[in-house]
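Understanding the architecture of this molecule
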Amino acid sequence: MISIKNVTKKFDSVTALNDISIDIKEKEFFGLLGPNGAGKSTLINLLVGYFNSDSGEILIDGEKTGKNNFEVRKKIGLVPQSIALYDDISAQDNLEIIGSFYNIRKNLLRAIIAENLNKVELYDRRKDKVKGFSGGMKRRLNIAAGLLHDPEILLCDEPTVGVDPQSRNAIFDYLEKLNSEGKTIIYTTHYMEEAERLCSRIAIIDHGKIITSGSLEDLLELLPYKQTIHISKNQATESKKEIFNKFGTVIDDQDAYELTPFDHIKFSEFFKAAEDNGIPYNYIDIHKPSLEALFLHLTGRRLRD
Amino acid sequence: MKNILNLIKKDYILFWNDKPAVGLTFIVPIFLIFLFGSIFSGSGTRPTGIRVAFLNNSNSKIAMKLESVLDTTKAFELIRNFTDEKGKTSAFDTNSIKDFVRKGNVSAALVIPGDAYTDTSMGMKLKFYYDPKNEMEMQLIEGLLTQSIMSQMPSLFMTSVQRRSESLLGNEKGRSFNKKITGLVSEYFNIDTSKMNKWMSLQDTSSTFGDTASNKSNFFNDLLRIDKEQLVGKEVNNPGATRSVGGWAIMFLLFSLTGASTSLLDENKSRVILRILSAPVSREQILFGKYLYNFSLGCIQLLVMFFAGYVLFHIDIFSNFFNLLLIIISASLASTAFGMFLASISRTQSQASGLGTLLILTMSGIGGAWFPTFILPPFIQILSKFSLVYWAMEGFMDVLWRGAGTFDILPRVGVLIGIAVIINIFSIIRFRKGNLF
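Think of each chain on its own: its residues are numbered from 1, step by step along the sequence as written. By the order in which they are written, chains take letters starting at A while ligands take numbers starting at 1. At least 70 in pLDDT is required for a residue's local features to be given in this predicted model, at least 80 for side-chain atom pairs to be given and counted, and no such filter applies to totals for whole chains, interfaces and linings, which use all residues.

Moving on, we come to the overall build of chain A. Per the convention used, a helix needs a DSSP run of H or I reaching at least four residues, while a strand needs a run of E reaching at least two, with both numbered from the N terminus. Scanning chain A from terminus to terminus reveals twelve helices and 14 strands. With the C-alpha coordinates aligned to their principal axes, the bounding extent of chain A is approximately 70 × 45 × 35 Å. Buried positions account for 39% of the 305 residues belonging to chain A. Contacts in chain A between residues far apart in sequence, at least 24 positions, make up 68% of those at least 6 positions apart. Here exposure depends only on C-beta density: within 10 Å of a residue's C-beta, 20 or more other C-beta atoms make it buried, 12 or fewer make it exposed, and intermediate numbers make it partly exposed, the C-beta atoms being placed from the backbone. We call two residues in contact whenever the C-beta atoms placed from their backbones are within 7 Å.

Turning next to the overall build of chain B. A count of helices and strands for chain B gives 17 helices and seven strands. For chain B, the proportion of its 437 residues judged to be buried stands at 39%. If you take every contact in chain B between residues at least 6 apart in sequence, the share linking residues at least 24 apart comes to 73%.

Bringing the nonpolar core into the picture now. General note: in soluble globular proteins, nonpolar side chains tend to be found buried as a group. Counting residues in each nonpolar core, the largest one holds 87 residues, and the members touching the most others are Val52, Ala108, Ala109, Ile250, Ala392 and Leu416 of chain B. Sequence-distant contacts of Ile250 of chain B, defined by excluding residues within four places in its chain, comprise Ala331, Ala369, Val389, Ala392 and Met393 of chain B. Only buried residues count toward a nonpolar core: Ala, Val, Leu, Ile, Met, Phe, Trp, Tyr and Cys, linked into one set through C-beta atoms within 7 Å. One finds Ala38, Leu47, Ile185 and Met192 of chain A within the second-largest nonpolar core, a separate group that totals 74 residues.

Residues and elements named next belong to chain A. Looking at the secondary structure, you find Asp88 in the loop between strand S6 (76-79) and helix H3 (91-100). Considered as a pair, Asp88 and Gly66 are 22 residues apart in the sequence and their alpha carbons are 32 Å apart. Contact partners of Asp88, with chain neighbours within four places excluded, come to Lys129 and Lys131.

A few words now on the sheet that holds strand S5 (residues 63-64) of chain A. Residues and elements named next belong to chain A. Pairing is antiparallel across the open sheet formed by four strands, whose spatial order is S2-S1-S4-S5. The open sheet has two edge strands with one neighbour each: strand S2 (14-24) and S5. In the packing of helix H1 (residues 40-47) onto the sheet, contacts are made with strand S1 (2-11), S2 and strand S4 (55-60), and the angle to S2 comes to roughly 65°. If DSSP finds at least two bridges between two strands, the strands pair. Axes here mean lines fitted to C-alpha atoms, for a helix over just the part in contact, with angles spanning 0 to 180 degrees between N-to-C directions.

Turning our attention to the sheet that holds strand S13 (residues 256-261) of chain A. Sheet strands pair via backbone hydrogen bonds, and the direction of the pair is either parallel or antiparallel. Residues and elements named next belong to chain A. Strand order in the open sheet formed by four strands is S12-S13-S11-S14, with antiparallel pairing between adjacent strands. One side of each edge strand has no neighbouring strand; the edge strands of this open sheet are strand S12 (248-252) and strand S14 (284-287). With direction set aside, neighbouring strand axes in the sheet form an average angle of 25°. Across the sheet, helix H12 (residues 291-299) is in contact with strand S11 (228-232), S12 and S13; its angle to S12 comes to roughly 125°.

Our next topic: the pairing of S12 of chain A. All names here are of chain A. Here S12 pairs with S13 via five bridges, running antiparallel. Within S13, the position partnered with Val250 by the bridge is Leu259. Between S12 and the antiparallel strand that follows it, S13, lie three residues.

Right, let's get into the interface of chain A and chain B. With 17 residues of chain A at the contact, the number on the chain B side is twelve residues. Contributing elements (two or more residues each) for the side of chain A that touches chain B: helix H2 (70-73) and S6 of chain A. Basically, the charged four are Asp, Glu, Lys and Arg, the nonpolar ten are Ala, Val, Leu, Ile, Met, Phe, Trp, Tyr, Cys and Pro, and anything else, Gly included, counts as polar. Per-class residue counts for the side of chain A that touches chain B are 13 nonpolar, two polar and two charged.

Segmenting chain A into domains produces domain 1 (2-220) and domain 2 (228-288). Using only C-alpha atoms to locate each centre, domain 1 of chain A and domain 2 of chain A end up separated by 38 Å. Where each domain starts and ends comes from a domain assignment, either automatic or drawn from a database.

What follows covers the packing of helix H10 (residues 239-269) of chain B against helix H14 (residues 349-367) of chain B. All names here are of chain B. Following both chains from N to C, one finds H10 and H14 inclined at 160°, their axes separated by 10 Å at the closest point. Judged by the inter-axis angle, H10 sits roughly antiparallel to H14. Two packed elements cross with a definite hand, and for H10 against H14 that hand is right-handed. The segment H10 lies against H14, with Met251, Leu254, Phe255, Thr258, Thr262, Leu265 and Asp266 engaging Gln349, Ala352, Ser353, Gly356, Ile360 and Ser364. Here the residues of the contact of H10 with H14 sort into six nonpolar, six polar and one charged. An angle counts as roughly parallel when it lies under 35 degrees, as roughly antiparallel when it exceeds 145, as roughly perpendicular when it falls between 65 and 115, and as oblique in every other case. By the definition used in this description, the sense in which the near helix is turned from the far one sets the handedness, with an anticlockwise turn below a right angle giving left-handed and a clockwise turn giving right-handed.

Quick look at the packing of H3 of chain A against helix H4 (residues 106-119) of chain A now. In a packed pair of helices, the relevant descriptors are the angle between the two axes and the axis-to-axis distance. All names here are of chain A. Where H3 contacts H4, the two axes come as close as 10 Å, and the packing angle between them is 125°. As the angle between them shows, H3 and H4 are arranged oblique. The two elements H3 and H4 cross, and the hand of that crossing is right-handed. In this structure, H3 contributes Ala91, Gln92, Leu95, Glu96 and Gly99 to the contact, and H4 contributes Leu109, Ile112, Ile113 and Leu117. Taken together, the residues of the contact of H3 with H4 sort by class into six nonpolar, two polar and one charged.

Residues and elements named next belong to chain A. Here strand S3 (residues 29-33) runs beside strand S9 (residues 201-206); their pairing, made up of four bridges, is parallel. Within S9, the residue paired with Leu33 across the bridge is Ile204. Here five bridges tie S9 to strand S10 (residues 209-214), and the two strands are oriented antiparallel to one another. The partner of Ile202 across the bridge, within S10, is Gly214.

The subject of this paragraph is H3 of chain A. Of the residues making up H3 of chain A, those classed as buried are Ala91, Asn94, Leu95, Ile98 and Gly99 of chain A. Angular distribution of buried residues about the axis of H3 of chain A spans 125°; they occupy a single face of the element. Residues of H3 of chain A that are buried in the fold lie against H4 and helix H5 (135-145) of chain A together with helix H11 (272-278) of chain B. In this description, the arc belongs to the directions extending from the helix axis to the C-beta atoms.

Residue and element names in this part refer to chain B. If you check the domain split of chain B, you get domain 1 (50-154 + 206-230), domain 2 (159-200) and domain 3 (239-434). Here the C-alpha centroids of domain 1 and domain 3 sit 38 Å apart. Across the contact, nine residues belong to domain 1 and ten residues belong to domain 3. Its residues assigned to classes, the side of domain 1 that touches domain 3 shows three nonpolar, two polar and four charged.

In this section: the environment of Val250 of chain A. All names here are of chain A. One can find Val250 in strand S12. Using a count of 16 C-beta atoms within 10 Å as the deciding quantity, one classes Val250 as partly exposed. C-alpha separation for the pair Val250 and Gly56, spaced 194 residues apart in sequence, amounts to 39 Å. Setting aside its immediate chain neighbours within four residues, Val250 contacts Phe244, Asn245, Tyr257 and Leu259.

Moving on to the environment of Gly246 of chain B. Residues and elements named next belong to chain B. One can find Gly246 in helix H10. The class of Gly246 is buried, set by 29 C-beta atoms lying within 10 Å. Counting along the chain gives 146 residues from Gly246 to Ala392, while the straight-line C-alpha distance between them is 8.0 Å. Ignoring any residue separated from it by four or fewer positions in sequence, one finds Gly246 in contact with Met393, Phe396 and Met397.

Here we take up unusual backbone geometry. Note on backbone geometry: most residues besides glycine have negative phi, and most peptide bonds are trans. Despite not being glycine, Asn6 of chain A has its phi angle at roughly 50°, a positive value. Mapped onto the secondary structure, Asn6 of chain A falls in strand S1. C-beta crowding within 10 Å serves as the criterion here: with 12 such atoms nearby, Asn6 of chain A is assigned to the exposed category. Positive phi values are uncommon outside glycine, yet His314 of chain B reaches one of about 60°. Following the sequence through the fold, His314 of chain B ends up in the loop between helix H12 (283-313) and helix H13 (321-345). Overall, His314 of chain B belongs to the partly exposed group, with 13 C-beta atoms counted inside 10 Å.

Residue and element names in this part refer to chain B. Scored from 0 to 100, pLDDT records how confident the predictor is in each individual residue. Of the residues in chain B, 80% have a pLDDT of 70 or more, and the chain-wide mean is 80. Put simply, helix H9 (residues 219-223) is where chain B has its lowest mean pLDDT, 56, and H13 is where it has its highest, 93. Throughout residues 202-217 the model reports pLDDT below 50, and contacts reaching past four residues in sequence, or to other chains, amount to 55 contacts. Reported confidences for the modelled complex are a pTM of 0.74 and an ipTM of 0.83.

Quick look at the structure:
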């Protein structure tokens, strides 16, 4: 459905995208995972035709995207990273303005707006000004605005930035539902948890290049180990951090240390060392490796660096 | 204390990095101080080169002397010729000089009639035609004319005394009276009597300014009789409000259109523009849509302001409504172009707002929105011609004050549209080059 072929985009001396090639299938939930500044938003902007690439091409159903291809744009719905809405007018007015650009009859548009607002649970607040909405409500409205013309493809550019966990889950549920109803979704994020939960296929992007792509399982196969050790962060474990470093690379997350063991390390050796240092077993857990670990393995950096 | 110093330092860093704020704090007031200081400083500088149409039909020596005095007065630039529609330049006659004023080329004309000063005149007669579109300008012209004439030609006073005494006492007694007066003055001021007699016998004298029509018996008024005739604006209701409404209207139009145009920058920042562009909408359509919106808003705003003038001050906007509409449309086009220009050269709305305030206040000051341009220093008067405010103001005055017809206002309309076209071309180039969105 979407074919990105050898696309390069430069801004002055900065190469935002460097010879990118990806194919995205119809009804796929495709994730683009990478740190800030990796080139994710540039790719979204190219897909939507906001600007043209310097070389290469992007085809949607065989049609080339670009600044002047309006027909292709009708197939795309955009959920920008920012809340791209007018704060000082109501949710209903915002959607009417955005919907008006798609030549939808007024009555039909109003019906679509009501339906979409219901789906994102904002119908009761439709007459309220957007500036009075919470971050989560704005995000949901931002998504609804991208769906007014019932696009085949939905481009979500980090749509959950700054959203509380409850709203984030509601957004995930809604996007999964849209995908199950047949929409192709391209989802950019620098949260590996989001990509892991939502995406059937993921491309990891860094410094404007696709490092690798595939299903979550395919990607994790690239790691030389199949499991990682999670150690809960607390008073008992934080003082023993140096010990963990002897057994592997430690990712210092908010609530836990994720230890990616060195190739020669046996788990039994680690557990013995933990016991010797007074760390109870219930603080330690064995997990499947995360995309964070994969990114670290592939680039030597963390996703959120 | 250290924290307070750090907080002060922080605010200075933020302030210095907010260039519009720096501009508004220092550059705008300095410019306005300069502008108003130039006008009202009273530092010996007076308006110079005020254009006054002039026609001298008198052969009398005093008329020649008056002409020569006015010619050498820096305050005035005497215009003696006009160019007709065919481009032919001719000297004024009594009709063409009035037309010249009526058409707004100058605010005043001074005519020395053929019988301004004859052998039997008690004083001098002048004709003064005027267009009081700017009260301040008119008062200044009258004052300066009076001052010039009075300071340069005192002998008219003595000759008039002589003639008046002869008229009242009869030739013989009058001459005797004058002789005695001459003798007394010569004795008192220690002046040679022969010189005094020679001076008293001069037939060419001078003048003072005054309106004598209502007070013919007043000797001093008879010395210089000026028949004043208002050629333009006699029918205008509430002249003061008519003069000022255009100035305020155009200034606030510029402020509102600048805000509306530069909202593009905010829309781009919030990525609403990106969302709109993800729909089947082109950049050109966004720009053109914004331009047309601003243009229509400008027209509505001006119409509402003039209508408010009609309701509040009974300004007559309907008797020449079509031509008023033409000026409103062309002024809105130019003002919209100005707003889009600001959007094209600014990175943020606050930057555009700061720059806009500076430019709008400058244009309003030098363009005649606050006070007539003739009182500005000459080089600023030249600059004012490059301001769209000047041409809009002239257009409004043409229509509301002079009742000018469509053909008469076409040059103003043309200049305003020309300004709009030039600024728009520049803005489009900037939008494309700057890659605003």
